[in-house]
Amino acid sequence: MKKKQVETLLYSVAGVGIMLVVVVAFNYVASAFKQRIDLTHDKVYTLSPGTKAILNRLDGPVEVRLYVTQGAKEMPENLKTYAQRVEDLLSEFQQNGKGKIEIKKLNPEPDSDAEDSARLDGVEGQMLPTGESVYLGLAVSYLDQKVAIPFFAPEREKLMEYDIARAISRVITTEKPVVGVMASLPVFGQPMNPMMMRMGQQGQQPWVFISELQSDFDIKQVSMDGEKIPDEVKLLVVVHPKSISDKAQYAIDQFIMRGGKLIAFLDAMSLVDRPANPSNPMMANMPGGPSSLDKLLKAWGIQFDTSKVVADMNYARELSMQRGGAPQLMPAFLFMNSQGINADDVVTSQIDNLLLPFAGTFSGTPMAGLTETVLLKTTTQSQLVDGMTASFSGETIAKEFKPSGTAYPLAIRLKGKFKTAFPDGPPKDEEKKDDKTEAEKKPETKPADTLKETKSENVVVLVGDTDLLYDQFSVQVQDILGQRIVIPRNGNLNFVQNLVEQMTGDSNLIGVRSRAAINRPFTVVAEMQASAQEAYQSKLKEIEAKLADTQKRLNELQSKKEGGQRFILSPEQQQELEKFKHEEANTKKELKEVRKNLRRDIDSLEFWTKVLNIGAMPAVVILAGLTSAFFKRQRAKAK
Amino acid sequence: MNACSNIKTIAKRELAGYFASPVAYVFIVIFLLLAGFFTFMLGGFFERREASLISFFMWQPWLSLFLVPAVGMRLWSEERRQGTMELLLTMPVTAWQAIVGKFLASWLFLTLAMVLTFPVIITVNYLGHADNGVIFCGYVGSLLLAGSYLAVSSMTSAMTRNQVISFILSVVICLFLILAGWPPVTDLLVRWAPARLVETVAALSVIPHFEGFQRGVLDSRDLLFFLSIIGFSLFATGVILRNLRSGH
């Protein structure tokens, strides 16, 4: 009897053990047949059509070597789960790759063959604070092409698919399109100055948008005063063409007539453009002047306002312009949201926030044969303002704000057959015109050589801001584990990359990348801020007017005084001054009150959100409990 | 058919038992208060200014760690203490019908508590454009997580007639399931166990599987993981109960 009990017990314990093994094994086997349903609204974890199109282009086997440190000890937990996600996404690639993608997972332990292979592939080990080095990177190879992603940074998670798709696209595309960049700003960085180098200073790195474009395109620097755009250039990017010569404009014109595509970043006021050697040190902090392609724009029927920037209350935020300075509302710093971004266009459809500091606007009707698409625009809560005032005092702009009710275009695309802006041939050489040394002059292109019209449809994109390209406004560069990691602050970089990619013909990557900038802010709070700001603005203005009035009266009293008394205050003046001081104190108090009110609405929203969420439902449950208890007792009594 | 109706009967009886005393109300109120407090005060829901429930789901494993064993601790130990288990098992129901019935009742009860957090969904949709697919997925994950903890509690509850011991055992096991993949735990194991075993133990961690749901992806592996824990724990409960019966 007893023996049987022991047997049963043993059998049960063994049974539990066997069951555990079976369950673990079952999980292990089933993981090979995984299925996933992506419930996210934007299908963030499903390969985008762009990626699928790239995978469809595969005509030979692509090998992906994934280097992951697999020791449970070395790898931090967050990297381990992140590595799992990289693997998951890679297996999505594999499933969609119709057998053309082969994935090899390698564990680069110290002094192993895998470590040597990682080094050869350009995948780098990341030093942890503990001194250990871990790997999470991959290399893609196809025929003799090889591209590496040295390290997957978790901060770039939303760009994971794009990074992999780009790597694959790069190995299967043998030729990179040539993109010319003509810029008056130091977008290519500045080479190291030998003097500075001795002092331990380094040259400037190229701007991130250039270095990002360089990995997909053959970027060629085009001189601002060249007479011809090189033939191999398919797309020309012009950045801040400040005081551009007619000759250069002619070169661009002819480039377009030849079928070359153009993206021009113009600006009414560039924050980045600072005088290099200002005669007056004060000038060093002044924003630079405007830029335009006046001749060309005129020929296309477009005007660009170089004297005014646009302010928009819906896009404004509070910013500190100086380090440690009090934040002030900057209506001309356009923190654009989806309201003004064209959702129907492939370039902008997936972008929902951009930062355009001090942008100019386009107007006019395009010439016959050209159609215009507005890519970016302001809301109707906007107004054209003076650039300098806007840059020095956002508050002034905010106070005097009067919405014009117009949505101003900030970026437009012109499509169609372009006609030349130089029907009379190339412009005369202005500098050499007065020169008598005619003999030295090169033989000019004859008017007959001038192309008058594009043969087929062409595309030009005009953007009213250059600052959006600047690193400080577009990306955050972080030093993570000793590596320079670029994290987009907003959609600026995407916007530029999408534009360039679409214009060079390969649009597959557009849909992949755009996921990066999707966030879901509290719209209610933003709306509240906007409307509250508007409501309090008039009050602010009223207070300001009162102040100005007092000041005026004081001045009047001053002017009535006799010459000798000028510097001594009369009793009336003293009284007025006292009154003024009193009123000033009052006004300051009122102003403070106004600001306080602005905060109060948001605070109260926050408060009630908390109260309702934490307290309301428990209260209902308690009430329900008490009610049910009461009825139970009643019933018990009745019995 | 008969099995189904038996399970249903037991589940009903059990669920009615919860609401017969104030225990159910007290539990739900505490759960809601804590969930709200963690989400809004510690999770920085408002400070994130983002229309997502990250701060809500982030705390679920920890909240469940203490509250679910509190629900599950009495499942069997109470029956054992009061000596009603023999009575229950002499009724025309099999042991596993009773186990599943009781488990489902408690799970349903936890689901009700979870459903009552719906104001947070309304809030987040009012404040911005929330991704409701992700939120739905997060709730599915939370329920599966709670179900797993509950199954573990059912097992520990069957082991002892003392509810407190059952509670503590269950919290420890669930805590292990949270910590399994964490370096301090794996470091401890790596000293004497082969790497394969350490990997296997680390794979038992609920957090990476729960994270999948939080992201908005229903992955068959994550689903299977939680269902495995539930299935295995309930099986173990059955083995323990069987032994108790034959042991007496």
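Quick caveat: nothing in here was measured; it's all calculated off a predicted structure.

Engineer: Help me get a handle on the sheet that holds strand S3 (residues 101-106) of chain A, residues and values and all.
Structural biologist: Residues and elements named next belong to chain A. Read from one edge of the open sheet, 4 strands run S3-S2-S6-S7, paired in mixed fashion. One side of each edge strand has no neighbouring strand; the edge strands of this open sheet are S3 and strand S7 (145-149). Averaged over all neighbouring strand pairs, the angle between strand axes comes to 15°, with direction disregarded. Bridge count for strand S2 (residues 62-68) against S3 is 6 bridges, and the pairing is parallel.

Engineer: Describe the packing of helix H6 (residues 74-82) of chain B against helix H8 (residues 95-115) of chain B, and please don't skip the residues or the numbers.
Structural biologist: Residues and elements named next belong to chain B. The contact between H6 and H8 brings their axes to 11 Å, and the two run at 125°. Between H6 and H8, the angle is such that the two are oblique. Here Leu75, Trp76 and Glu79 of H6 come into contact with H8, specifically with Ala98, Ile99, Lys102 and Ser106. Here the residues of the contact of H6 with H8 sort into 4 nonpolar, 1 polar and 2 charged.

Engineer: Account for a nonpolar patch on the surface, with residues named and values stated.
Structural biologist: All names here are of chain A. A cluster of nonpolar side chains, Phe607, Trp608, Val611 and Leu612, forms an exposed patch at the surface whose accessible area comes to about 410 Å². Along the chain, phenylalanine 607 turns up in helix H17 (residues 571-638). Look at phenylalanine 607 and you get partly exposed, because its relative accessible area is 48%.

Engineer: Account for empty space enclosed by the protein, naming residues and giving values.
Structural biologist: Residue and element names in this part refer to chain A. Here the structure, examined in full by the defined rule, presents 5 cavities of 30 Å³ or more. Approximately 140 Å³ is the volume found for the largest cavity. Along its surface, the largest cavity is lined by 12 residues, and Val44, Tyr45, Leu89, Glu157 and Met160 are the ones closest to its centre. Within the residue set of the lining of the largest cavity, elements represented by two or more residues are helix H3 (77-96) and helix H5 (160-172). Among the elements that line the lining of the largest cavity, the one with the most residues is H3, at 3 residues. Partitioned by chemical class, the residues of the lining of the largest cavity number 4 nonpolar, no polar and 8 charged. If you add up the space inside the second largest cavity, you get close to 100 Å³.

About the criteria used
Residues numbered from 1 in each chain as written. Chains lettered and ligands numbered in written order. Predicted model: local features only at pLDDT ≥ 70, side-chain atom pairs only at ≥ 80, totals over all residues. Heavy atoms only, no water. Pairing = 2+ DSSP bridges. Helix = DSSP H or I, 4+ residues; strand = E, 2+ residues; numbered from the N terminus. Axes fitted to C-alpha atoms, helices over the stretch in contact; angles between N-to-C directions. Parallel < 35°, antiparallel > 145°, perpendicular 65-115°, else oblique. Contact = heavy atoms within 4.5 Å. Nonpolar A, V, L, I, M, F, W, Y, C, P; charged D, E, K, R; others polar. Patch = residues over 30% accessible without salt bridge, like charges linked within 9 Å, V, L, I, M, F, W, Y side chains within 5 Å. Areas by Shrake-Rupley, 256 points an atom, 1.4 Å probe, with all protein chains shown as cover. Salt bridge = Lys/Arg side-chain N within 4 Å of Asp/Glu carboxyl O. Buried < 20%, exposed > 50% of the residue type's maximum accessible area, 1.4 Å probe, protein only. 1 Å grid on protein atoms, 1.4 Å probe; cavity = no way out; pocket = protein on both sides within 12 Å on 5 of 7 lines; lining within 4 Å. Points joined across faces, edges and corners; volume = space filled by probe spheres on them.

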